[in-house]
Amino acid sequence: MNKALLALIIAPLFALSALNVVAEDAADASAETVKEYTEMCVNWAKDDDVSNEELYGYVLKCVNDELVSEGYKKVSAVKI
C-alpha cells in the first residue's frame, strides 16, 4: 500500500519534469511564421466579432496557442 501511494505522489512530478524538458526543447518560430499566425488570428478575431479593446489579447493568445501546437516557443508580443 505504501509503495502504491508513493507511486501516486511521485508520478505527477515525473510528468511535470518531462513536460518541462519538452518545453525547453521547443524552437523559436521564425518572424515569418509569427506574422502568418498573427494575420490568421486577426482574421479569426474579425469572424468572432472581437472588440478593438480585446483584439490584442485575443490575437496574442491565439498566436501562442498555434505556436505551441506546432512545437514552437510562445512569444511575448505580436504586431497587429
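Quick summary incoming for the structure in this document. On a predicted model such as this, the values are computed, not experimentally measured, just so you know. (Residues numbered from 1 in each chain as written. Predicted model: local features only at pLDDT ≥ 70, side-chain atom pairs only at ≥ 80, totals over all residues. Heavy atoms only, no water.)

Description of helix 3 (residues 52-69)
Then step 1. The terminal C-alpha atoms of helix 3 lie 26 Å apart, and with 18 residues this matches the ideal 26 Å at 1.5 Å per residue to within 8%.
Then step 2. The complete set of buried residues in helix 3 reads Leu55, Val59, Leu60, Cys62, Val63, Asn64 and Leu67. (Helix = DSSP H or I, 4+ residues; strand = E, 2+ residues; numbered from the N terminus. Expected span 1.5 Å × (residues − 1). Buried < 20%, exposed > 50% of the residue type's maximum accessible area, 1.4 Å probe, protein only.)

Concerning the environment of Ile80
Then step 1. Considering the arrangement of structural elements, one finds Ile80 in the segment after helix 3.
Then step 2. Dropping the residues within four chain positions of it, Ile80 is found in contact with Val42, Leu55, Tyr56 and Val59. (Contact = heavy atoms within 4.5 Å.)

So, the nonpolar core
Then step 1. Of all hydrophobic cores here, the largest spans 14 residues; its most connected members are Val34, Cys41, Val59, Val63, Leu67 and Val78.
Then step 2. For this core, the secondary structure elements donating two or more residues are helix 2 (31-47) and helix 3.
Then step 3. Of the residues forming this core, the biggest block, six residues, is contributed by helix 3.
Then step 4. Contacts of Val63, omitting those with residues within four sequence positions, involve Val34, Tyr37, Thr38, Cys41, Val75 and Val78. (Core = buried A, V, L, I, M, F, W, Y, C linked by side-chain atoms within 4.5 Å.)

Some thoughts on the state of the cysteines
Then step 1. Scanning the entire structure with this criterion turns up one disulfide.
Then step 2. Disulfide pairing places Cys41 opposite Cys62 at an S-S distance of 2.0 Å. Its S-S torsion of approximately -75° makes the covalent link between Cys41 and Cys62 left-handed. Taken together, the residues Cys41 in helix 2 and Cys62 in helix 3 connect sequence positions 21 residues apart.
Then step 3. Judged by its relative accessible area of 0%, Cys41 is buried.
Then step 4. The buried category is assigned to Cys62, whose relative accessible area is 10%. (Disulfide = S-S within 2.5 Å.)

From the geometry alone we can't say anything about function, so treat these as descriptive.
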